[in-house]
Amino acid sequence: MKEFELIRRYFTDQPVTRKDVVMGIGDDCALIDNGGDSYVAITTDTLVAGVHFPKETSPRAIGHKAVAVNLSDLAAMGAVPSWISIAITLPAINEHWLQEFTQGIFELTEYYNVQLIGGDTTQGPLSITITAQGMVAKDKVLYRSGAKNGDYVFVTNTIGDAGLALAAINGDIHLSEKDFESVKRKLDFPKPQVLVAQMVREFATAAIDVSDGLLADLHHLCEASALGINLDLDNVPLSDVLVNNVSKEQALRLALTSGDDYQLIFTVSATNKVAVETAMTHAAVDYTCLGQLNPSKQINLFFEGEAFEVASNGFQHFS
Ligand SMILES: [Mg+2]
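In this report, we go over the structure that sits alongside the text. (Residues numbered from 1 in each chain as written. Predicted model: local features only at pLDDT ≥ 70, side-chain atom pairs only at ≥ 80, totals over all residues. Heavy atoms only, no water.)

**Observations regarding the packing of aromatic side chains**
Where two aromatic rings form a pair, the distance of their centres and the angle of their planes describe that pair. This is how it is decided: Ring pairs shown here join Phe, Tyr and Trp side chains whose ring centres sit within 6.5 Å, with only the six-membered ring taken for Trp; geometry is labelled stacked below 30 degrees between planes, edge-to-face above 60, and tilted in between. In this text, helices come from DSSP runs of H or I with a minimum length of four residues, and strands from runs of E with a minimum of two, each type numbered from the N-terminal end. Here's how the labels work: a residue is buried when its accessible area is under 20% of the maximum for its type, exposed when over 50%, partly exposed in between, all with a 1.4 Å probe on protein chains only.
In this structure the tally under the stated criterion is five aromatic pairs. A ring pair is formed by Trp 97 and Phe 101, whose centres lie 4.8 Å apart and whose planes are at 20°; its orientation type is stacked. With Trp 97 and Phe 101 both in helix α3 (residues 95-111) and four residues apart, this pair spans about one turn of that helix. Like Phe 101, Trp 97 is buried. Note on Tyr 111 and Tyr 112: the rings are 4.8 Å apart at their centroids and 90° apart in plane angle, and the pair reads as edge-to-face.

This is the structure we're talking about:
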């Protein structure tokens, strides 16, 4: 059973009985209505050593990433991050490790004015769980389900670099030291797109962060909005490092399926397409239009004019 099926079967089917729960399971964050003009947005993410990051990852990177992946989910709702609590399971007390780990955490929380408000420490295999909370104006929430037929789909920066770093760490691909450092930085120190989300939430209709791979997250957005897209794979933004080190097909497979990118996908109406250009130019963030949503409820992939599908072992022509 896949993760999402499991969540659906055992958790999502639980009815929401409290009136203050505006959004329960099923988006990047839950939303709580405490009265006032804003909702509290809440998300939880766990990172397990050897599963979500390679065991040799630096403690500073682990701390940074544990916060960043949570802030990325807050960003995807249009929320401004406010508070985090941390539960850490440590194999042993290592003060040097903790010093670096907390440095990684506080670098991000200080930048975003986020307060650590609690947590728990236990002994066991290394694992970090963070719950992050933020605030979002009730009329500015970016739901996955808000996209409309004909909306344009945008994504920030490039996709697939973290996947390339992981492939290199696993010994599947050899990279020069310079290229490896460049993509490993993206894997270890993802930048949550909080500021971009604050700008585009003024006019965007929907958003989701790219954590599971472009295809999976685009699928979540399309499913929630009951729409589809013809995705021309030539439009998928790939870094020079990625393109220069693997074949185009491998690069696309990494971008579509490997995840860990923490970029932002957002949708806008045709009328607001020009507003994206203004906002992103001011934010000095690269962005790419992936195409336009249609009523098909399917993601159809095209590469050099031909229909493609992604299999677990790579790309395959439709046959
Ligand atoms: Mg997410």
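Here the narrative resumes.
**A closer look at the environment of Gln 99**
With respect to the helices and strands, Gln 99 occurs in helix α3. For the pair Gln 99 and Pro 190, spaced 91 residues apart in the sequence, the C-alpha separation amounts to 20 Å.

**What about a nonpolar patch on the surface?**
Counted only if it meets this: A patch is a set of surface residues, each over 30% in relative accessible area and not in a salt bridge, joined within 9 Å for like charges and within 5 Å for the nonpolar side chains Val, Leu, Ile, Met, Phe, Trp and Tyr. Per-residue accessibility takes into account occlusion by the displayed protein chains alone, with areas from the Shrake-Rupley method and a 1.4 Å probe. We define a salt bridge as a contact between a side-chain nitrogen of Lys or Arg and a carboxyl oxygen of Asp or Glu at a distance within 4 Å.
Taken together, Leu 6, Tyr 10, Phe 11 and Ile 25 make up a surface patch of nonpolar side chains, about 420 Å² in accessible area. Along the chain, Ile 25 falls in the loop between β1 (21-23) and β2 (30-32). On the basis of relative accessibility, which here comes to 52%, the residue Ile 25 falls in the exposed class.

**Observations concerning the coordination of the magnesium ion**
Ideal coordination angles are 109.5 degrees for a metal with four donors arranged tetrahedrally and 90 or 180 degrees for a metal with six donors arranged octahedrally. Formally: Counted as coordinating are nitrogen, oxygen and sulfur atoms within 2.8 Å of the metal, or 3.2 Å for Na, K and Ca, while water is not included, which may make sites look incomplete.
Coordination of the magnesium ion by the protein is provided by Asp 28 (OD), Asp 73 (OD) and Asp 209 (OD), with metal-donor distances spanning 2.0 to 2.1 Å. Counting along the primary sequence, the residues that act as donors to the magnesium ion give the motif D-x44-D-x135-D. One end of the pair, Asp 28, is in the loop between β1 and β2; the other, Asp 73, is in helix α2 (residues 59-76), and 45 residues separate them in sequence. With respect to burial, Asp 28 and Asp 73 carry one shared label: buried.

**Some details on the packing of helix α4 (residues 161-169) against helix α5 (residues 177-188)**
Heads up, the condition is: To get an axis, a line is fitted to the C-alpha atoms, and for a helix only the part in contact is used. The angle between two axes follows their N-to-C directions and goes from 0 to 180 degrees. By definition in this entry, angles of less than 35 degrees are roughly parallel, angles greater than 145 are roughly antiparallel, angles of 65 to 115 are roughly perpendicular, and the rest are oblique. Definitions for this section: a left-handed crossing has its near helix turned counterclockwise from the far helix by less than a right angle. A right-handed crossing has that turn clockwise. Contacts are residue-level and defined by heavy atoms, with any inter-residue pair within 4.5 Å sufficient. When residues are sorted by character, Ala, Val, Leu, Ile, Met, Phe, Trp, Tyr, Cys and Pro go into the nonpolar class, Asp, Glu, Lys and Arg into the charged class, and all the rest, Gly among them, into the polar class.
Across the interface, α4 lies against α5 with an axial gap of 8 Å and an inter-helix angle of 115°. Overall, the two elements α4 and α5 adopt an arrangement that is roughly perpendicular. Judged by the sense of rotation from one axis to the other, the crossing of α4 with α5 is left-handed. Contacts between α4 and α5 involve Asp 161, Ala 162, Leu 164, Ala 165, Leu 166, Ala 168 and Ile 169 from the former and Phe 180, Val 183, Lys 184, Lys 186 and Leu 187 from the latter. Looking at the contact of α4 with α5, its residues break down into nine nonpolar, no polar and three charged.

**So, the side chain of Gln 193**
Among the structural elements, Gln 193 can be located in the loop between α5 and α6 (194-200). Gln 193 sits in the buried class, given a relative accessible area of 8%. If we ignore the near neighbours within four places in the chain, the residues touching Gln 193 are Ala 75, Thr 156, Asn 157, Tyr 262, Gln 263, Leu 264 and Val 285.

Read these as geometric descriptors, not functional statements.
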